[in-house]
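Take a look at the letters that make up each chain.
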Amino acid sequence: MPNFRRRSFATSQTRDKDALSEEGVSRVIDELRQNFDWIICDSPAGIERGATLAMRHADIAIVVANPEVSSVRDSDRIIGLLDSKTRKAEKGERIEKHLLLTRYDSGRAKRGEMLRTEDVLDILSIPLLGIIPESQEVLRASNLGQPIVASNATSAPARAYLDAVRRLKGETVAMMIPSNRTGVFAKLFRQRAA
Amino acid sequence: MSLLSFLRRRGSAPVAHQRLQILLAHERAVIGQSDLITVLREEILAGIAKHVRMDPEKVQVKMERGDVVSTLEVEVEIPLNTRLAAPIGKA
């Protein structure tokens, strides 16, 4: 991306879980809005105060869920909070919501061992942004302290994340689950989203 | 035994789907009430109570979230022998 500037602000609440105040977050976001096109605000998992603070000023929400009961259940709660506790919702506006399904194993889903994409979509009723396949590469990248798209940009999960980013920016990208197979058979075996 | 347990092992995803549906049907009904539904319930109740005597416990407000539309279901039980209540004085 040309002229792409990135700044990271670490706000991990490692010392004090209540270090962030609503007014403080509001002030920082308002300042950032004047200088950046995209502000990505990571949220702690679950439905605690940290999550409500992170979503408070959002225009777009990406709900990240695993195909597991506990994760889908929390996502449902978060969607409810997005529709009621965000600034946009309080002004009577709609907040744009997307589902990013991670740690997906299409083989297990096909065998009935894992919730399928359509099962999760059926329950959460929000549009799908992408499906990230389960991969050992993710832990490897995490161990190295690098984002997966930086540590191994050609790996299946990295390609899935990059596709999701393009969709978020408004491009039309077919919903595929990238696989790790390479070479001649890669295209033949590339699975369409289940 | 082996075939049965084999089939049961394979079929855990439908169980997960079913568990989620039951869990969320319950949670959406209970937790969802805390915000919008509670406000709506109170205001609808106050509106009806101006004109009809009724038991506040016999009012049910449900919201179902869908793909395209969400529906709000309001169920008010009015006793058979009810009469229009005199308008409540403005206090």
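A quick note: this is a predicted structure, and the numbers were derived from the prediction, not measured.

Asks: What should I look at first to understand the packing of helix 3 (residues 69-82) of chain A against helix 2 (residues 12-30) of chain B in this one?
Replies: Angle between the axes and distance between the axes are the two parameters that describe a pair of packed helices. Helix 2 of chain B packs onto helix 3 of chain A with a crossing angle of 30 degrees between their chain directions and a minimal axis gap of 10 Å. Taken together, the axis directions place helix 3 of chain A and helix 2 of chain B in an arrangement best described as roughly parallel. Helix 3 of chain A and helix 2 of chain B meet at a crossing whose hand is right-handed. Here Val69(A), Val72(A), Arg73(A), Asp76(A) and Arg77(A) of helix 3 of chain A come into contact with helix 2 of chain B, specifically with Ala16(B), Arg19(B), Leu20(B), Leu23(B), Leu24(B), Glu27(B) and Arg28(B). For the contact of helix 3 of chain A with helix 2 of chain B, the residue count by class is six nonpolar, no polar and six charged.

Asks: Can you walk me through the sheet that holds strand 3 (residues 128-133) of chain A in this structure?
Replies: Adjacent strands of a sheet form backbone hydrogen bonds with each other and so pair up, either parallel or antiparallel. Residues and elements named next belong to chain A. The three strands lie next to each other as 1-2-3, forming an open sheet whose pairing is parallel. At either margin of the open sheet sits one strand with a lone partner, and together these are strand 1 (60-65) and strand 3. Across the sheet, the mean angle separating the axes of adjacent strands is 20 degrees when strand polarity is ignored. Pairing analysis gives four bridges linking strand 2 (residues 96-104) to strand 3, with the strands arranged parallel. Note that in strand 3 the partner of Leu100 across the bridge is Gly130. Across the face of the sheet, helix 6 (residues 117-124) comes into contact with strand 2 and strand 3 while running at roughly 150 degrees to strand 2. Across the sheet, helix 9 (residues 156-168) touches strand 1, strand 2 and strand 3, and the angle it forms with strand 3 is around 175 degrees.

Asks: I'm lost on the confidence of the model for chain B in this one. Help?
Replies: Low pLDDT marks stretches whose predicted atomic positions should not be read closely. All names here are of chain B. With 69% of its residues at a pLDDT of 70 or more, chain B has an overall mean of 73. Within chain B, helix 1 (residues 2-10) has the poorest average pLDDT of any element, 58, and helix 2 the best, 87. Two numbers describe this predicted complex: its pTM, 0.70, and its ipTM, 0.74.

Asks: Please clarify how the pattern of salt bridges should be interpreted in this entry.
Replies: Two side chains carrying opposite charge are able to pair once their charged atoms lie near each other. Residue and element names in this part refer to chain A. By the definition in use, this model includes 15 salt bridges over all chains. One salt bridge connects Asp119 with Arg116, and the closest N-O pair in it is separated by 2.9 Å. What makes Arg116 partly exposed here is its relative accessible area of 35%. Linked by salt bridges that have partners in common, Glu22, Arg56 and Glu90 make up one network.

Asks: Looking at this structure, how should I read unusual backbone geometry?
Replies: Of all residues except glycine, most have a negative phi; of all peptide bonds, most are trans. All names here are of chain A. Residue Arg103 is not a glycine yet carries a positive backbone phi of 55 degrees. Overall, Arg103 belongs to the partly exposed group, its relative accessible area being 46%. Its identity is not glycine, yet Ser125 carries a phi of approximately 50 degrees, on the positive side. In this fold, Ser125 is placed in the loop between helix 6 and strand 3. Accessibility expressed as a relative area gives 25% for Ser125, which makes it partly exposed.

The rules behind each value
Sequence order sets the numbering: in each chain, residues are counted from 1 along the sequence as written. Written order determines the labels here, with chains lettered from A and ligands numbered from 1. In view of the model being predicted, local features appear only for residues whose pLDDT reaches at least 70, and side-chain atom pairs are presented and counted only at 80 or more, with totals across whole chains, interfaces and linings using the full set of residues. Note: side-chain values were computed over all heavy atoms of the structure, leaving out hydrogens and water. As a rule, the C-alpha atoms of each element are fitted with a line to give its axis, helices using only the stretch in contact, and angles between N-to-C directions run from 0 to 180 degrees. The helix count covers DSSP runs of H or I at least four residues long, the strand count covers runs of E at least two residues long, and both are numbered beginning at the N terminus. Throughout, the term roughly parallel applies to angles under 35 degrees, roughly antiparallel to angles over 145, roughly perpendicular to angles from 65 to 115, and oblique to all others. Left-handed describes a crossing whose near helix is turned anticlockwise from the far helix through less than a right angle; right-handed describes the clockwise counterpart. The contact definition used throughout considers only heavy atoms, calling two residues in contact when any of these lie within 4.5 Å. Under the scheme applied here, ten amino acids are nonpolar (Ala, Val, Leu, Ile, Met, Phe, Trp, Tyr, Cys and Pro), four are charged (Asp, Glu, Lys and Arg), and all others, including Gly, are polar. When DSSP finds two or more bridges between two strands, those strands count as paired. Every residue is assigned a pLDDT by the predictor, reflecting its confidence on a scale from 0 to 100. Just to be clear on terms, a salt bridge is a Lys or Arg side-chain nitrogen sitting within 4 Å of an Asp or Glu carboxyl oxygen. Three exposure classes are used, based on accessible area relative to the maximum for each residue type with a 1.4 Å probe and protein chains only: buried under 20%, partly exposed in between, and exposed over 50%.

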